[in-house]
Each structure stands twice: as C-alpha cells, then as structure tokens.
Amino acid sequence: MGVTKEKVESTLTSKLNPSHLEVIDTSGGCGAKFEIEIVSEQFEGKRLLARHRLVNAALEEEMKQIHALSIKKAMTPEQWKQQEESNAAA
C-alpha cells in the first residue's frame, strides 16, 4: 500500500498550514498518484516554481512512494480570494 490521501493532507497541513487544501488520489486507491490544490501564506512573495518546491519538500518522505504528483494550484490567500470572487461574478 502506498501513501494515503489522509497522510498527504496531514503532512501538508502540519508543514504548510494551508487555508485551503484539496488532495485527490488519482491512482484508484493505491496511493501512487495525487492531484493537489493548496493555498498557503508561506507562498507569499514566491514564484510558482518555488511554491512547488515547498510542496515537494514538505512531502519529501511521501514522495519516495508517490509516482506522480500534480500540483494544480499553489496560491496565496489573496490570489485564492481573487479567484473565488471572479468565479462568483462569472
């Protein structure tokens, strides 16, 4: 058995303190592939690549068993708020 969705959520929550986190196991339950959407104040002032590196570093141990990690969104709270407002207006 690979990494669980709950383990990924727990690790990211403890290390990056996200205000929004969505983890989807796209591997059919074996824990090898995940999609992540994360919003964290720790991303402030960082470019997208640096944000992805933070997520990968937080999941260092889990990545030994994860085959594919797709970070769909890595946003600051302000970016998230703006996106939510534009989605509501559309």
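What you see is a predicted model, and the numbers here were worked out from it, not measured in a lab. Along each chain, numbering runs from 1 in the same order as the chain's sequence is written. Where totals are concerned, whole chains, interfaces and linings use all residues; where local detail is concerned, this predicted model gives features only for residues with pLDDT of at least 70, and gives and counts side-chain atom pairs only at 80 or more. Excluding hydrogens and water, the side-chain values take into account all heavy atoms of the structure.

A word on the packing of helix 1 (residues 5-16) against helix 2 (residues 48-58)
Then comes step 1: Lines fitted to C-alpha atoms define the axes, with helix axes restricted to the stretch in contact, and inter-axis angles between N-to-C directions lie between 0 and 180 degrees. Here a strand is any run of E in DSSP of at least two residues, a helix any run of H or I of at least four, and the numbering for each starts at the N terminus. At a minimum axis distance of 9 Å, the contact between helix 1 and helix 2 shows a crossing angle of 120°. Relative to helix 2, helix 1 is oriented so that their crossing is right-handed. Contacts from Thr11, Leu12, Lys15 and Leu16 of helix 1 reach helix 2 at Leu54, Val55 and Ala58.
Then comes step 2: Looking at side-chain class alone, the contact of helix 1 with helix 2 contains five nonpolar, one polar and one charged residues. Helix crossings are classified by the rotation of the near helix relative to the far one: an anticlockwise turn of less than a right angle makes the crossing left-handed, while a clockwise turn makes it right-handed. Contacts are assigned to residue pairs with any non-hydrogen atoms lying within 4.5 Å of each other. Note that Gly is not counted as nonpolar here; it falls among the polar residues with everything else outside the nonpolar set of Ala, Val, Leu, Ile, Met, Phe, Trp, Tyr, Cys and Pro and the charged set of Asp, Glu, Lys and Arg.

Some points on the sheet that holds strand 1 (residues 20-25)
By definition, the strands of a sheet pair up through backbone hydrogen bonds, in either a parallel or an antiparallel sense.
Then comes step 1: A strand pair is defined by DSSP finding two or more bridges across the two strands. Spatially, the three strands line up as an open sheet ordered 1-2-3, and their pairing is mixed. Strand pairing shows two members of the sheet lacking a second neighbour, strand 1 and strand 3 (68-75), which therefore form its edges. Going from strand to strand, the sheet's axes swing by 10° on average, the running direction of each strand aside.
Then comes step 2: Sheet analysis places strand 2 (residues 33-39) next to strand 3, joined by seven bridges and oriented parallel. The partner of Val39 across the bridge, within strand 3, is Met75.
Then comes step 3: Along the sheet face, helix 3 (residues 77-89) touches strand 1, strand 2 and strand 3 and points at about 80° away from the line of strand 3.

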